[in-house]
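Spelled out from the first residue to the last, the chains are:
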Amino acid sequence: MTRNSIAFWTGATVFLVAVFVMTQVVGNQYPFFAGYVILQFIALAVAWSILGGYAGYVNFGTSAFFGVGVYAAVFLVKAFSAPLPLQILAGAAIGALMGFALGLLTLRMQGIFFSIATIALTIIIETTITNWRYVGGAAGIQIQRPAVTAPFDNYVQMLFFVQALLVVLAVAISRYIQNSWIGRGLQALRDDELAAECTGVPTLRLKLLACVISGALMCAVGAPTAMYLQYADPASAFNLNYSVTTLAMSLIGGTAHWSGPIIGAILLGTTQQLLTVTISSEINVLVLGLMLVLFVVGAPEGIIGLIRKLRDGRKEGEV
Amino acid sequence: MFSFDLLLDAVVIGVLLGCFYGAVSLGLSVSFGLLDVPHVAHPAFLVLASYAVYFLNEHYAVDPLLAGLLITPVFFLLGLVAYRLYYETFEKRGSDAAVRGIAFFFGVAFIIEVLIILQFGVDQRSVTADYIGRAWRLGDIRIPYRLLVAFAVATALTVLLTLYLSRTFMGRAIRAVAQDQEALRLMGANPIKIKQWAFGIATAVLGIAGALLIIVAPVDPTLDRAYIGRTFCVVVMAGLGSMGGTLVAAIILGVAETIVLTMFGASWAPAISFAMLLGVLAVRPQGLFGRRS
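Since the model is a prediction, treat every value here as computed from it, not as a measurement.

The secondary structure content of chain B amounts to 11 helices and 2 strands. Along chain B, helices (α) and strands (β) appear in the sequence α-α-α-α-β-β-α-α-α-α-α-α-α when read from the amino end. The C-alpha atoms of chain B give a radius of gyration of 19 Å, which matches the 19 Å a tight globule of 293 residues would have. Oriented by its inertia axes, the alpha-carbon framework of chain B measures out at about 60 × 45 × 35 Å. Counting over 293 residues, chain B shows a buried share of 56%. Residue pairs at least 24 apart in sequence account for 77% of intrachain contacts in chain B once pairs closer than 6 positions are excluded. Summed over all atoms, the accessible surface of chain B reaches about 12200 Å², with 66% contributed by carbon and sulfur. Separation between the mean location of the 20 positive side-chain charges and that of the 17 negative ones in chain B comes to 8 Å.

The next point concerns the pattern of salt bridges. Pairs can form between side chains of opposite charge whenever their charged atoms are close. The full count for this structure, using the stated rule, is 4 salt bridges over all chains. For the salt bridge of Glu193(A) with Lys207(A), the shortest nitrogen-to-oxygen distance reads 2.6 Å. Of the two residues, Glu193(A) sits in helix H8 (residues 193-198) while Lys207(A) sits in helix H9 (residues 203-222), which places them 14 residues apart along the sequence. Of the charged contacts, one joins Glu88(B) and Arg84(B) as a salt bridge, the two residues approaching to 3.1 Å between their closest N and O atoms. Remark: Arg84(B) and Glu88(B) occur in helix H3 (residues 64-91); sequence separation between them is 4 residues, near one turn of the helix.

A few words on helix H7 (residues 181-191) of chain A. Given 3.6 residues per helical turn, the α-helix brings residues three or four places apart onto the same face. All names here are of chain A. Looking at H7, one finds that the buried residues are Ile182, Gly183, Gly185, Leu186 and Leu189. Looking straight down H7, one finds its buried side chains confined to an arc of 165°; they lie on one side. In H7, the exposed positions angled more than 90 degrees off the buried face are occupied by Arg184 and Asp191. In this fold, the buried residues of H7 make contact with helix H2 (30-54), helix H6 (155-179), H8 and H9.

Here we take up the interface of chain B and chain A. Opposite the 36 residues of chain B that make contact, chain A presents 37 residues. Interface area for chain B against chain A, summed over the two sides, is near 3500 Å², with a carbon-plus-sulfur share of 80%. Our enumeration of links across chain B and chain A arrives at 4 residue pairs in polar contact (both at pLDDT 80 or more). Ranked by the residues each element gives to the side of chain B that touches chain A, the list is headed by helix H4 (residues 97-120) of chain B, at 14 residues.

Moving on, we come to the packing of aromatic side chains. For any two aromatic rings, the description comes down to two numbers: the centre-to-centre distance and the angle of the planes. Enumeration over the complete set of coordinates arrives at 34 aromatic pairs over all chains. Connected via pairs of aromatic rings, a cluster forms that spans Tyr83(B), Tyr86(B), Tyr87(B), Phe90(B), Phe104(B), Phe105(B) and Phe199(B). Positioned above the aromatic ring of Phe8(A), the side-chain terminus of Arg175(A) is 4.5 Å from the ring centre. The lysine or arginine in question, Arg230(B), covers the ring of Tyr227(B), its NZ or CZ lying 5.0 Å from the ring centre.

Assignment of secondary structure puts Gly245(B) in helix H10 (residues 243-264). When the C-alpha positions of Gly245(B) and Ala67(B) are compared, they lie 28 Å apart, and in sequence the two are 178 residues distant.

We now examine the nonpolar core. Tyr71(A), Val74(A), Leu186(A), Phe20(B), Phe32(B), Phe106(B) and Leu277(B) are the most contacted members of the largest nonpolar core, which totals 220 residues. Counting residues per element, this core draws most heavily on helix H8 (residues 191-216) of chain B, which supplies 17 residues. Leave out the neighbours within four places in its chain, and Phe106(B) touches Phe60(A), Ile119(A), Leu240(A), Val244(A), Val40(B) and Ile228(B).

This next bit is on the environment of Gly69(A). Residue and element names in this part refer to chain A. Mapped onto the elements, Gly69 comes out in helix H3 (residues 62-80). Among the residues examined, Gly69 registers a relative accessible area of 0% and is labelled buried. Distance from Gly69 to Ala92, taken between C-alpha atoms, is 7.6 Å for residues 23 residues apart in sequence. In contact with Gly69, other than residues within four places in its own chain, are Cys219, Gly222 and Ala223.

Tracing the backbone shows Ser31(B) in helix H1 (residues 4-34). Beyond its immediate sequence surroundings of up to four residues, Ser31(B) is in contact with Asp36(B), Val37(B), His39(B), Phe199(B) and Ala202(B).

Here is what the cut-offs are and how they apply
- Residues numbered from 1 in each chain as written.
- Chains lettered and ligands numbered in written order.
- Predicted model: local features only at pLDDT ≥ 70, side-chain atom pairs only at ≥ 80, totals over all residues.
- Heavy atoms only, no water.
- Helix = DSSP H or I, 4+ residues; strand = E, 2+ residues; numbered from the N terminus.
- Rg over C-alpha atoms; globule rule 2.2 N^0.38 Å.
- Buried < 20%, exposed > 50% of the residue type's maximum accessible area, 1.4 Å probe, protein only.
- Contact = heavy atoms within 4.5 Å.
- Areas by Shrake-Rupley, 256 points an atom, 1.4 Å probe, with all protein chains shown as cover.
- Lys, Arg positive; Asp, Glu negative; His and termini not counted.
- Charge placed at Lys NZ, Arg CZ, Asp CG, Glu CD.
- Salt bridge = Lys/Arg side-chain N within 4 Å of Asp/Glu carboxyl O.
- Arc of directions from axis to C-beta.
- Buried area = accessible area lost by both parts, 1.4 Å probe.
- Polar contact = N/O pair within 3.5 Å; in protein donor to acceptor, adjacent residues only side chain to side chain.
- Phe/Tyr/Trp six-rings, centres within 6.5 Å; stacked < 30°, edge-to-face > 60°.
- Lys NZ or Arg CZ within 6 Å of the ring centre and 35° of its normal.
- Core = buried A, V, L, I, M, F, W, Y, C linked by side-chain atoms within 4.5 Å.

What follows is the structure, encoded as structure tokens:
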């Protein structure tokens with residue numbers, strides 16, 4: 001292990017221990033409700049940027065993966081009363097399959113056409129679920145939470161911890177990809193797909209891999225939502241807001257480094273949670289739009305880009 | 001359940017509805033089809049226009065169509081500003097223009113949505129006029145006047161825009177820019193000015209299209225999301241930048257939607273446009289009447 005890896009895994013362990021201690025010590029439920037949403041968006045943004053950031057394929061289908069994760073859990077709970085880990089695993093498996101299908105789409109579509117196709121996929125899946133009576137149809141469905149298992153004394157606290165685990169998993173995978181040949185290959189095809197293919201980069205295999213990993217993670221993140229809300233309906237599970245929020249977080253943080261989406265998600269997620277509580281959910285969408293426009297216009301490389309520019313500027317000053 | 005009458009009914013209504021879809025897609029056919037701007041905020045501008053028409057109709061009792069005409073100059077200016085902003089921040093910088101552009105326009109769409117909600121609330125709004133709420137009987141088929149109005153205006157709009165692009169100097173310049181921007185620059189013309197003008201026209205058309213939207217059915221602030229599918233489906237199916245193709249593609253979509261609506265019910269309707277869009281992208285990306293081979 002390099003020094004970098006040791007630092008990363010120490011950080012991840014400290015984070016998980018801190019989250020666990022928090023679930024044991026803090027009595028107030030609100031921090032877990034809000035924190036869960038922020039953790040969920042960190043995981044989504046990190047998963048999104050594996051395809052959207054490294055490979056440059058802008059996926060607007062985050063809500064499709066997220067919603068399918070939600071409904072995979074709903075179906076499993078209704079049909080077999082499946083436990084939470086199984087719901088998440090099943091979500092990941094279905095997400096991987098969907099990701100594979102998405103990867104095949106990249107064969108025919110690039111750039112904006114790929115983005116539009118992912119929006120189309122989202123609506124088609126949403127409509128199908130809306131017409132599926134068994135999981136509640138358009139009206140939605142109520143879900144009973146099972147009894148919580150020790151050492152947690154509240155279900156939301158447990159979900160909070162589970163989501164923190166998913167965050168660590170997503171970040172570890174994203175970091176591994178960035179530092180391995182996969183990341184370098186993805187970057188090559190992002191810069192020039194034809195040139196990459198010609199120089200022997202297996203572009204199709206890499207794209208499929210990125211789609212499968214990204215899709216599996218996004219679905220897995222969606223799965224616990226059914227238990228978190230104790231309710232699911234297609235219009236909110238497949239809401240376009242998930243796609244745009246995730247994309248905004250990644251762009252705001254910067255997609256050049258694995259930590260970018262985390263920074264963006266914490267920044268935007270926390271702001272949104274504060275705004276929703278103090279003012280209203282409309283203002284929260286307004287802030288999303290404004291921050292997205294501001295960053296895309298003013299800081300195209302995101303916060304990571306700004307920091308790098310600042311650091312380079314200082315170095316030049318020293319010389 | 002299935003009957004021939006019902007099918008005929010669906011086809012007639014579908015054609016009329018399709019022409020209306022054509023009218024709301026014309027602007028996108030210019031901005032996305034000819035200028036390659038990933039304008040996902042197009043439907044948001046459309047809904048904004050509907051609310052402007054609603055405002056004029058509600059407070060000053062202006063006829064919706066006249067109101068639509070009145071707001072076109074404002075929308076023209078809005079289009080000029082929007083393109084300038086897009087050009088300065090994305091096209092000029094080059095790389096990743098389309099990808100960041102689509103994020104940018106999504107941001108704009110969300111801002112417009114929220115501003116409408118803050119001003120008018122989340123309830124559905126509609127306009128009043130003599131031709132709204134009445135219908136014309138043609139044998140067994142009942143055709144609402146509002147659809148007929150939309151049909152007539154949409155057809156006129158398409159013809160006008162086609163003539164503008166093929167007969168006037170500026171219109172030909174716009175099509176030239178779409179074909180080869182570099183060549184135009186070498187001949188001493190300023191392609192950016194022409195594109196800005198074209199984007200202005202594309203947005204101005206939305207004034208009237210917005211009036212049609214609120215004439216055909218009540219609008220709510222998040223209606224733009226449904227129209228992302230319809231407008232992009234029509235423009236991509238038409239083949240980028242073909243005005244006549246836009247009308248044909250829109251009619252295909254309108255008929256498909258009404259037939260599915262009559263046979264399977266309204267809950268399947270939202271997926272039609274997106275499924276057709278996906279099908280066209282996968283099978284024939286250049287569209288039915290594409291400018292690129």
